[in-house]
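# Report on the structure
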Amino acid sequence: MRADVVVTKVKQYNRHSTADIATVFDVMTQQVKQAELEKLAVDRLKIQVNGLLVKMGTLRLRTFFHKGIQCDVCGLSATHFALERDAFADPEMSHHLNLWGVKEGEEVLFTHDHLKSRACGGSDNLSNSRTCCSECNHHKSLMETKLKGLLKQDKHFVVTKEWIQQNYEGVSEIELNKVYQAFCQ
Ligand SMILES: [Zn+2]
């Protein structure tokens, strides 16, 4: 199955094919069950999608699987997976699954966001992860980069709601509270 209905942003990636989200999640569910029976580590698992073997145990994919396919910030829903590899990667490199949604006729890449950023001491695990579209993730990243710089200068810098509001473009009240909680826990 190939995406042909929407404008496909594949400059950054070379696309092999697209895959249905529910189908990929079904295969992941079966693999996890099997792994539990055989006591295998989930992060090592691979699944067969459109004839290619891809990793399914990455934190990014596990976040989509467990936390859902909706951007936690703007509510955009993902519509399909695509088997892709970085356009500038070694051609020998294997493909990976990217999750995509569509906004105003254009594809938007989905990513996993650390609720509390790694730079500010957040952990790299499922409980600190959520699904986020790349547009919302970008706005949050700009704020985090500023914060990281400030913390470098003064590790006692205290993050306030006002500071987040001033430095996080377009932040909603709900998102402000989530981010504030994450940074001040
Ligand atoms: Zn979003």
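Numbering of residues starts from 1 in every chain and runs along the sequence as written. Only residues with pLDDT of at least 70 are given local features in this predicted model, and only at 80 or more are side-chain atom pairs given and counted; all residues enter the totals for whole chains, interfaces and linings.

## Some thoughts on the overall build of the protein
Note on conventions: DSSP H or I runs of at least 4 residues are helices, E runs of at least 2 residues are strands, and numbering of each starts at the N terminus. When you go through the protein residue by residue, the secondary structure sums to 5 helices and 7 strands. Written out in order from the N terminus, the α and β elements of the protein read β-α-β-β-α-β-β-β-β-α-α-α. Taken along its principal axes, the extent of the C-alpha atoms in the protein is 50 × 40 × 30 Å. Residue burial here comes from a neighbour count, namely the number of other C-beta atoms, placed from the backbone, that lie within 10 Å of the residue's own C-beta, with 20 or more meaning buried, 12 or fewer meaning exposed, and in between meaning partly exposed. Looking at the 185 residues of the protein, the share that counts as buried comes to 26%. The contact criterion used here is simple: two residues whose C-beta atoms, placed from the backbone, lie within 7 Å are in contact. Counted over contacts in the protein with a minimum sequence separation of 6, partners at least 24 positions apart contribute 59%.

## Some thoughts on the nonpolar core
One finds Leu97, Leu99, Trp100, Phe110 and Cys133 to be the most contacted residues of the largest nonpolar core, which totals 22 residues. Elements with a contribution of two residues or more to this core: helix 1 (21-38), helix 2 (59-67), strand 4 (78-86), strand 5 (96-103), strand 6 (106-114) and strand 7 (129-133). A per-element tally of this core places strand 4 first, with 4 residues. Each domain span listed reflects an automatic or database assignment of domains. Residue-level mapping places this core at the junction of two domains, with at least three residues from each of domain 1 (4-68 + 79-100) and domain 2 (114-184). Discounting residues that sit within four places of it in the chain, cysteine 133 has contacts with Cys71, Cys74, Leu76, Gly101, Val108 and Phe110. The next biggest cluster of nonpolar side chains, apart from the first, holds 6 residues, and it includes Met143, Leu147, Val171 and Val179. Linking buried Ala, Val, Leu, Ile, Met, Phe, Trp, Tyr and Cys residues through C-beta atoms within 7 Å yields a set, and such a set is a nonpolar core.

## Notes on the sheet that holds strand 6
For two strands to count as paired, DSSP must find a minimum of two bridges between them. One open sheet holds the 5 strands; their spatial order is 1-4-5-6-7, and the pairing between them is antiparallel. In the strand order of this sheet, the two ends are held by strand 1 (13-19) and strand 7, each with one partner. On average, each strand axis in the sheet is tilted by 40° relative to the strand beside it, whichever way the strands run. Relative to strand 5, strand 4 is paired through 6 bridges, and the arrangement is antiparallel. The axes are straight lines fitted to the C-alpha atoms, using for helices just the contacting stretch, and the angles between their N-to-C directions are given from 0 to 180°.

## Considerations on the confidence of the model for the protein
In this model, the protein carries a mean pLDDT of 90, and residues with pLDDT of at least 70 account for 94%. The predictor attaches a confidence to each residue, and that confidence, scored 0 to 100, is pLDDT. Within the protein, helix 5 (residues 173-184) has the poorest average pLDDT of any element, 90, and strand 7 the best, 97.

## Side note on the environment of valine 49
One can find valine 49 in strand 2 (residues 46-49). Valine 49 gets classed as buried once you count the C-beta atoms within 10 Å, which come to 22. Leave out the neighbours within four places in its chain, and valine 49 touches Ala19, Val24, Val54, Leu83 and Leu97.

## Here's the deal with the domain arrangement of the protein
Taken domain by domain, the protein comprises domain 1 (4-68 + 79-100) and domain 2 (114-184). The C-alpha centroid of domain 2 is placed 27 Å from the C-alpha centroid of domain 1. Between domain 1 and domain 2, the residue contacts involve 7 residues of the former and 5 residues of the latter. The classification used treats Ala, Val, Leu, Ile, Met, Phe, Trp, Tyr, Cys and Pro as nonpolar, Asp, Glu, Lys and Arg as charged, and all other residues, Gly among them, as polar. For the side of domain 1 that touches domain 2, the per-class residue count stands at 2 nonpolar, 3 polar and 2 charged.

## Overview of the environment of serine 141
For serine 141, the location among the structural elements is in helix 3 (residues 134-153). Residue serine 141 is classed as partly exposed on the basis of its 16 C-beta neighbours within 10 Å. Each C-alpha atom of the pair serine 141 and cysteine 120 lies 12 Å from the other, and the pair is 21 residues apart in sequence.

## Digging into the environment of cysteine 136
Its place among the elements puts cysteine 136 in helix 3. In this structure cysteine 136 comes out as buried when scored by C-beta crowding, with 22 C-beta atoms within 10 Å. Between the C-alpha atom of cysteine 136 and that of phenylalanine 65, which follows or precedes it by 71 residues, the distance is 19 Å.

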